[in-house]
Amino acid sequence: MNMNKKIAASVIIGALGVTTIFGATALPANASNYKNVLTNEAYNEIVNEVATTDTTVTTTNEGIEKEETVYVKADATGTVNQVIVSDWLKNYSGDATITDKTTLNDIVNVKGNETFTQGENGEIVWQADGNDIYYQGTTDAELPVSIEATYKLDGVEIQPSELEGKSGQLTIEYNYVNNSKDSSTGLYTPFTVVAAAMLKTDQFANVKAENAKVISDGDKYVVVGVAMPGLKDSLDLGEDTKVPGSITITADINNYEPITVLNVVTADLLNEIELDDEDQLSELADSMDDLAEASKKLVDGSNTLSDGLNKLEGSTGDYTDAVGTLTSSIDQYIAGVSKVTDGIQTLYGKAGSLVSGVSTLNDGAQKLNSGLKQAKSGVDSLVTNFDSLVKGANTINSGATSLNAALKQLEAGKKAENEAYATLSATVENNEKIVAALKAAGVDETIVAMLEKNTAGQKQIAQGLTASGAQIEAGLSQAAAGATSLADGAKTLSGGTTKMKDGAKSLQSAMKQLKAGSKTLADGTSKLNSATTTLSSGISKLNDASKKVDSASSKLSQATPKLNNASSKLVAGVGKVADGGKTLAENMEKFDREGVSKLIDTVDGKLGNIVDKFDDLQDAANKYTTFTDTNSEFKSSVKFIIEMN
């Protein structure tokens, strides 16, 4: 449990003890309001929210104990209107009479019929008859803790009496003033104040609090705060240490109605704090040693960082040179990418021709292979039949003479035949004239068309016969002339056939090798033809990729100036960081020297003093056991309940 919550629980639960003072017995008229303060259901809810442990005062259950509760009725500014004190004398020993001391006026027995007599110096003797005594009275003595409340509406100070029915942003500050100071030690009595207020959600919104906690259940806000007036000054903690001496509530209000704030004040809570525990002090000392060591590491680390940054700054020249080389290389790379892209696009444009050419090559290779098979077969037959060829050459020589004589006879016969062809041509021309005359005479067109067609056919035949006859005649003349040459050549042929037979055998061997090579070529072109499809697809993908590379290189080209600019900024930034590292190292040394070291010296020098002051404060708390005096032999305690509205 944190200290604030523990204090709140202790004070509020302690305050509940006052309900046993009243029980079922009626209070005097002037005290009725105070019973309502503590029996109100809403404030019981506050207690349930805050209290988590039982911290009531430990009793001895022997002798006489006195428990005093001071009820204060104050207005909204903190001005006191009425003070009523209730005292409970716990008669554990069952004494017949109890002698107490008090400065109260208008003393009344509020729970019983026991009577009392008053003596000198505030002495009061009760006829207890073994019973506890519950009595009450009034006083105008100054309270040890007073409250000064100020109100601001929309930033302007206002009297609480003028607030009713208004709306806006309201700020209320409750400042607690400790009026109880020991003149010999200069220390304030260590009072703790726990304040509680309940705010309606239909009138308050956006509730915030300083030195307090805000709890909401949907219907209302409950604000519980803690203050320790005078404690900071007593311990001489300095301005940097915050000890709550006031509570501030800020909220948006709508149609404001006065609120009630319940303040419980006690000096008992400081006794729960034990600072004389040697283990705790030892842990604090160890923590100071750890702090010193950590601070030294921070100083060393900051110096190392500064050295590293200086080295980094010295290396930025190499970095900028490298960036320059990189950007130059990027420019060269981009130029190369452009050329490669152009080449790939040209390759892509020629890929179709390549595929078509490979296909044609494959077809040609297959036909070549097939033709070579036939050629080899022919060469094989040629070699086999060369003997017959030699014999045939002799026969040709013999028959050449007979051929020459026959050709001359044919030449003469062909001339006579050509003359007949000339007569046929003249007849066809005459027929054409007859058909033209019939057409002019108006003979039936069908008959004329048939005659024209027939005559055209005759003319074509006559022309063909005449032309072929002339050619044949010329050929026969040439043949006759060549017959003599043929006879001479036949002799030469007979001699050359033997050599040709030898050459044919060599050709046969070469054809065998050629056929094997042709098959290899055909197989290769077939595979090449199959690969061209994959090649074409790859070239297409390569072309697409080259376009993307070209586009990316264009973006890269645009980025290089930015890289150069960023490099310059980096150099400048590293310089600043290096300067900052140097400053950090210097300031860390200063922080260690002027901050941590002084803190450690302060702790070493003042910790014991603070503990001593705490001991004195606890002594002061133990001494403050009554507001209106008590019998020094009693174990006494006192608490204050201040209601503001």
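Quick caveat, the model's predicted, so the values are computed rather than measured.

### Section: the overall build of the chain
1) Next: From N to C terminus, the chain includes 8 helices and 17 strands.
2) Next: The 645 residues of the chain split such that 34% are buried.
3) Next: Here the contacts in the chain between residues at least 6 apart in sequence split such that 79% fall between residues at least 24 apart.
4) Next: Surface exposure of the chain reaches about 36,200 Å², of which carbon and sulfur atoms provide 52%.

### Examining the environment of Pro 190
1) Next: Structurally, the position occupied by Pro 190 is in the loop between β10 (168-178) and β11 (192-200).
2) Next: Sequence separation between Pro 190 and Gly 230 is 40 residues, and the spatial gap between their C-alpha atoms is 7.1 Å.
3) Next: Beyond its immediate chain neighbours, meaning those up to four positions away, Pro 190 contacts Thr 266, Ala 267, Leu 270, Leu 617, Ala 620 and Ala 621.

### Here's the deal with the sheet that holds strand β5 (residues 116-118)
1) Next: Spatially, β3-β6-β5 is the arrangement adopted by the 3 strands of the open sheet, whose pairing is antiparallel. Pairing within the sheet leaves two strands with one partner each, and these edge strands are β3 (97-101) and β5. Strand-to-strand twist across the sheet, computed as the mean angle between neighbouring axes with direction ignored, equals 20°.
2) Next: Where β3 and strand β6 (residues 123-127) come together, 5 bridges link them in antiparallel fashion. The residue bridging Thr 99 from the neighbouring strand is Val 125, located in β6.

### What about a nonpolar patch on the surface?
1) Next: Residues Ile 396, Leu 403, Leu 486 and Leu 493 make up a contiguous nonpolar surface patch of about 290 Å² in total accessible area.
2) Next: Counting only elements with at least two residues in the nonpolar patch, the list comes to α7 (386-440) and α8 (445-623).
3) Next: Relative to the elements of secondary structure, Leu 486 occurs in helix α8.
4) Next: Judged by its relative accessible area of 37%, Leu 486 falls in the partly exposed class.

### Some words on the packing of aromatic side chains
1) Next: This model, assessed by the stated rule, comprises 7 aromatic pairs.
2) Next: Ring centres 5.0 Å apart and planes at 85° place the aromatic pair Phe 191 and Tyr 624 in the edge-to-face group. Of the two residues, Phe 191 sits in the loop between β10 and β11 while Tyr 624 sits in the loop between α8 and β17 (635-644), which places them 433 residues apart along the sequence.
3) Next: Ring centres 6.1 Å apart and planes at 70° place the aromatic pair Phe 204 and Tyr 256 in the edge-to-face group. Residue Phe 204 is found in strand β12 (residues 204-210), and its partner Tyr 256 is found in the loop between β15 (246-253) and β16 (261-266); the two are separated by 52 residues along the sequence. The pair Phe 204 / Tyr 256 is uniform in exposure class, with both members buried.

### Details of the confidence of the model for the chain
1) Next: When pLDDT is averaged across the chain, the result is 80; 85% of the residues are at 70 or more.
2) Next: Every residue in residues 1-57 scores below 50 in pLDDT, and together they form 107 contacts with partners more than four places removed in sequence or on other chains.

### Brief notes about a negative patch on the surface
1) Next: A cluster of acidic side chains, namely Asp 233, Asp 236, Glu 239 and Asp 240, defines a negative patch on the protein surface.
2) Next: A residue is classified by how much of its surface remains accessible, and Glu 239, at 71% relative accessible area, is exposed.

Each value, and the rule that gives it
Residues numbered from 1 in each chain as written. Predicted model: local features only at pLDDT ≥ 70, side-chain atom pairs only at ≥ 80, totals over all residues. Heavy atoms only, no water. Helix = DSSP H or I, 4+ residues; strand = E, 2+ residues; numbered from the N terminus. Buried < 20%, exposed > 50% of the residue type's maximum accessible area, 1.4 Å probe, protein only. Contact = heavy atoms within 4.5 Å. Areas by Shrake-Rupley, 256 points an atom, 1.4 Å probe, with all protein chains shown as cover. Pairing = 2+ DSSP bridges. Axes fitted to C-alpha atoms, helices over the stretch in contact; angles between N-to-C directions. Patch = residues over 30% accessible without salt bridge, like charges linked within 9 Å, V, L, I, M, F, W, Y side chains within 5 Å. Salt bridge = Lys/Arg side-chain N within 4 Å of Asp/Glu carboxyl O. Phe/Tyr/Trp six-rings, centres within 6.5 Å; stacked < 30°, edge-to-face > 60°. pLDDT = per-residue confidence, 0-100. Lys, Arg positive; Asp, Glu negative; His and termini not counted. Charge placed at Lys NZ, Arg CZ, Asp CG, Glu CD.

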